[in-house]
Structure formats: structure tokens, C-alpha cells
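Per-entry structural report
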Amino acid sequence: MMQHDENLKAKWTSFVTHLECAMTGERHEADEIHNLSRAGKPLLVRYDLASVRKALSKQALAERAPDLWRYRELLPVRSPEHIISLGEAMTPIVRMPKLSAKLGGGDILVKDEGRLPTGSFKARGLVMAVSMAKSLGIKHMAMPTNGNAGAALAAYASRAGIKTTIFCPQDTPEVNVSEIALQGATVYRVNGLIDDCGKIVGEGKAKAGWFDTSTLKEPYRIEGKKTMGLELAEQLDWKVPDVIFYPTGGGTGLIGMWKAFAELEAIGFIGKYRPRMVAVQASGCAPMVRAYEAGEEHAPRWENAHTIASGIRVPQAIGDFLILRAVRESGGFALAVDDDAITAALNEMAHEEGFLMCPEGAATYAAYKQSLADGRVKRTDQVVLFNCASGLKYPLPAIHRTLDRHKPIDFASL
């Protein structure tokens, strides 16, 4: 029987060659501590893909334990001894046949990232960032968070013996703040939004010397999030869907998946066909939608950002040009949905299919319905919606029905 932690004990060959500025292409050395490139833009990890193509086959991959470490040839960690793992299992793809029939559309598939450690897809990025930080000797990590990323950093960093300081907006859900603190981080609420928290982290980097683990301000979270694309292609028998709806705040996962598909083509695992990438935002915080519709490469800060989907309440993203590039190169688009549509989508998915989405995930279903109605998505298209966290991590509606067991019960009315 295959051991669950087989990939953590395997012999590894690393294929990392260097890091590269996402804007200028300037080369930066691997195995050194980096935040942004010298041009102040995100760094991307590059691999010797010609050698990966010779070293890895689909058959060999299929025989490995089902976790994200099965893709080790395309990951930045040099040796399994550096891995700080909490059991990053492959997440299931769940088909939604009732809603597909109801809408008269194609296959609706939900990739349920709520099954990961700490209950969200942030575990993918932070397990990679913390494992690399441990291997590079980093002692203190800090980040701004809307909740789930902070929880993942706290958990992995505590396991690694790395100190963490985390800042979140004042109205971050209580469960997230409690989770962060319980898992060993020092957490502060800030009277501002996530980019205000990010400014504090930046100041602390300069004055206190901690490592800035903000979205795309270090090179390795994107490599962890990339595994969503690797998994998705493998689970669909090395094909990709027609359209991917992705809840987009900082956009690391969307950028990562686009990178994953390019790497899979380079090693001969998939062909040239790509899914159309749809960046889903909330109408109360939609900087990418505004920039996409204006034909811009960068997205100015969105003022007075507000939405119930706190995970995508990111007024300004440092990887804006990478998000917009992936959307446009894929023939996709950016779309905003309002909070009423998000709530209705969450309720419909739960009532019809028994699947509890998080608000950010529900935004993708609302966006799919809107896109199907306006013709931007065909009724024959196979679509994948990303549910980025367990719906159980968010406030749920109160239920007021009660029964008095001391009184006769009218069963016909129940």
C-alpha cells in the first residue's frame, strides 16, 4: 500500500535554474533570499524544462502519492528535508449536474480547495513559501491578510519554528483572527484595508528586519498556487477545461495556473489548447475589471473597497499586469458580481447541490450564470469554478425554527 507521505521521503532532483523578473526578464540567482526584483516587480521561478521532459513521465507521476509534492520536478524546494508539510492532499473536482441541467449549460465542475490544511487554497502558496524560508534560514515572517492566508502562514511557520507577525483589516471574520492567533502568530487588527496592512509590513521589513511574505512580494507562493493548474490538468486526464472562473484578489492562483499550463506544454503533458481565464471580482472592489475594460495594463487602487467576499477585497494588486496578461492571452475576461448575486449563488449551490461554498467561491458561480446569460460563455463549454475555502470558515445564517417537546407536534406541518 502506498504511504501517504511517500513523496516527502523520495529522492529528488531539482530542476530550478534561476529566478526572473516578470516585467523585464532580468535574471536573479536562485538559492538567495529575494522579495521583489530589482525593477520592483514579482519574481518567477524558472526551471530546466527540457530536462524535466526527459526525467518525468505521466506514468511515473500517476504512481506517486496524491499530494501536491508529486509535482516535485516543477517545484522550487531543492530537497524533501526542507518541506514543512501538514498533508497537502489533491483536492477533489465535484460535478454539479443539477445546476448544469437547470441552467441548460455544459459541465459545471467545482475544484474544492476547502479540503486543504487550514481550510483554504492559501495552504498551497504558504507551504511553499515557508518551506523555502526555512531552507534559506529566514527567522521571522510577516504578512497582511484578509484571513485565510494569515491562518496558513501561522500554521506552517509555527511548524517550521519561524516567528510570524500578521496584520488584518479590522472587520476580518473573527474565526480567521482566532485561527491565526491559535496557530502561533502574533496578530493585529488594523483600521484599514489589506493594502494598508501591507504598508505596515513594508515598514517593518525596513525597521525590524522581518521577511515580507505579502502576495507576490516573494517568489514561492505562486509556485505553490501553480499546483492547482497541474492538478486540474492531471485530474481531467491531461486536458484542460474550456473556461476557468477564478476569484481574484491578489491573483496569485490565476497567474500560477497560467504558468503551470505553459510548463505542462513545454514538458509534453498537454497541447496548445488553453482554458479562457476569467478573473472574478466583487462590484464593490473591482480594479482588474475596470483595467480590463479600459484596455489598461495596470489597475489603479480601488477606493472605498467593500464586499462580503473579504478574500477578494484587494484594492490594488502588485501582480496586476500578470493577471491582465493571463486573462487577455487566454481570450478570457474580467467580470464583477455584486454582493446580492454572491449571496444568491451561495444559497442556490447549497440548496440545490448540497455544496457549501465560501463567498469568494460563490462569486465564481454568480459570474458563470451571468456569463452564460450574456453569451460570453457557450452552453457547451465545460467550466471549472474554484471554491477557494471551506464555507464553514464564514458566518452562516441563524436558524430560528424550534420545537417544544412538551407539546403535541403537528407532523403534517413539518
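This text goes with the structure placed above it.
Attention here is on the structure that accompanies the text. (Residues numbered from 1 in each chain as written. Predicted model: local features only at pLDDT ≥ 70, side-chain atom pairs only at ≥ 80, totals over all residues. Heavy atoms only, no water.)

Let's talk about the sheet that holds strand E10 (residues 243-247)
On the basis of which strands lie adjacent, the open sheet formed by six strands has the order E4-E5-E13-E10-E11-E12 and mixed pairing. Looking at strand neighbours, the two that pair on one side only are strand E4 (93-95) and strand E12 (333-337), the edges of this open sheet. Mean inter-strand twist for the sheet, computed between neighbouring axes without regard to direction, equals 25°. Of the pairings in the sheet, the one linking strand E5 (residues 108-112) to strand E13 (residues 383-387) comprises five bridges and is parallel in character. (Pairing = 2+ DSSP bridges. Helix = DSSP H or I, 4+ residues; strand = E, 2+ residues; numbered from the N terminus. Axes fitted to C-alpha atoms, helices over the stretch in contact; angles between N-to-C directions.)

Observations regarding the environment of Met288
Structurally, the position occupied by Met288 is in helix H12 (residues 287-294). Considered as a pair, Met288 and Phe321 are 33 residues apart in the sequence and their alpha carbons are 9.3 Å apart. Sequence-distant contacts of Met288, that is, excluding residues within four places in its chain, are made with Gln281, Ala299, Ala317, Asp320, Ile323, Leu324 and Ala334. (Contact = heavy atoms within 4.5 Å.)

Side note on the sheet that holds strand E6 (residues 140-144)
Read from one edge of the open sheet, four strands run E8-E7-E6-E9, paired in parallel fashion. What marks the edges here is a single partner per strand, and that holds for strand E8 (186-190) and strand E9 (211-212). As judged from the two bridges shared by E6 and E9, these two strands associate in the parallel manner. In the strand pairing of E9, Ala142 is matched with Asp212. Where helix H6 (residues 148-160) meets the sheet, it contacts E6 and strand E7 (163-169), and its direction lies at approximately 170° from that of E7.

Points about the state of the cysteines
Following the criterion strictly, the structure yields zero disulfides and no others. Considering cysteine sulfurs only, Cys197 is the nearest to Cys285, which forms no disulfide, with 14 Å between them. (Disulfide = S-S within 2.5 Å.)

Brief notes about the layout of surface pockets
Roughly 690 Å³ of volume is contained in the largest pocket. Surrounding the largest pocket, 37 residues form its lining, Ile194, Thr215, Gly250, Val314 and Gln316 being those nearest its centre. Those elements giving two or more residues to the lining of the largest pocket turn out to be H6, helix H8 (194-208), helix H9 (221-225) and E10. Here the lining of the largest pocket gets four residues from one element, more than from any other, and that element is H8. Reported here for the second largest pocket is a volume of approximately 340 Å³. Lining the second largest pocket are 16 residues, and of these Leu346, Asn347, Pro395, Leu396 and Pro397 lie nearest its centre. The leading source of residues in the lining of the second largest pocket is helix H14 (residues 339-353), at five residues. (1 Å grid on protein atoms, 1.4 Å probe; cavity = no way out; pocket = protein on both sides within 12 Å on 5 of 7 lines; lining within 4 Å. Points joined across faces, edges and corners; volume = space filled by probe spheres on them.)

A few points about empty space enclosed by the protein
Applying the stated criterion across every chain yields a total of two cavities of 30 Å³ or more. Here the largest cavity is characterised by a volume of approximately 60 Å³. Taken together, Ile33, His34, Ala129, Met132, Ala133, Leu136, Ile138, Met141, Phe211, Glu218, Pro219 and Tyr220 make up the full set of residues lining the largest cavity. No other element matches the four residues that helix H5 (residues 122-136) contributes to the lining of the largest cavity. What lines the second largest cavity is simply Val16, Leu19, Ala30, Asp31, Val45, Pro76, Arg78, Met132 and Tyr220.

Here we look at the pairing of E13
Of all five residues in E13, five are buried, a share of seventy percent or more. Covered by surrounding structure in E13 are Val383, Leu385 and Asn387 together with Val384 and Phe386, the residues of both alternating faces. Here E10 runs beside E13; their pairing, made up of three bridges, is parallel. Its bridge partner lying in E13, Val243 is registered against Val383. (Buried < 20%, exposed > 50% of the residue type's maximum accessible area, 1.4 Å probe, protein only.)

Quick look at the side chain of Thr227
Considering the arrangement of structural elements, one finds Thr227 in helix H10 (residues 227-235). By relative accessible area, Thr227 is classed as buried at 0%. Once residues lying within four places of it in the same chain are set aside, the contact partners of Thr227 are Leu68, Leu75 and Arg124.

Quick word on the side chain of Glu348
As for its placement among the helices and strands, Glu348 is situated in helix H14. Using a relative accessible area of 11% as the deciding quantity, one classes Glu348 as buried. Polar side-chain contacts of Glu348 include one of 3.3 Å to the side chain of Tyr365. In contact with Glu348, other than residues within four places in its own chain, are Leu99, Lys102, Glu353, Tyr365 and Lys369. (Polar contact = N/O pair within 3.5 Å; in protein donor to acceptor, adjacent residues only side chain to side chain.)

Section: the packing of H10 against helix H11 (residues 252-266)
One way to put it is that H10 packs onto H11 with a least axis distance of 7 Å and a crossing angle of 55°. Classified by the angle between their axes, H10 and H11 sit oblique to one another. Every pair of crossing elements has a handedness; the one defined by H10 and H11 is right-handed. Contacts between H10 and H11 involve Met228, Gly229, Leu230 and Ala233 on the former and, on the latter, Gly253, Met257, Ala260, Phe261 and Leu264. (Parallel < 35°, antiparallel > 145°, perpendicular 65-115°, else oblique. Left-handed = near helix turned anticlockwise from the far one by under 90°.)

Some words on the environment of Val377
Within the secondary structure, Val377 sits in the loop between helix H15 (359-374) and E13. Considered as a pair, Val377 and Arg276 are 101 residues apart in the sequence and their alpha carbons are 9.5 Å apart. The residues touching Val377, leaving out its near neighbours within four places in the chain, are Val243, Phe245, Arg276, Phe333, Tyr368, Ser371, Leu372 and Val383.

These figures capture arrangement, not role.
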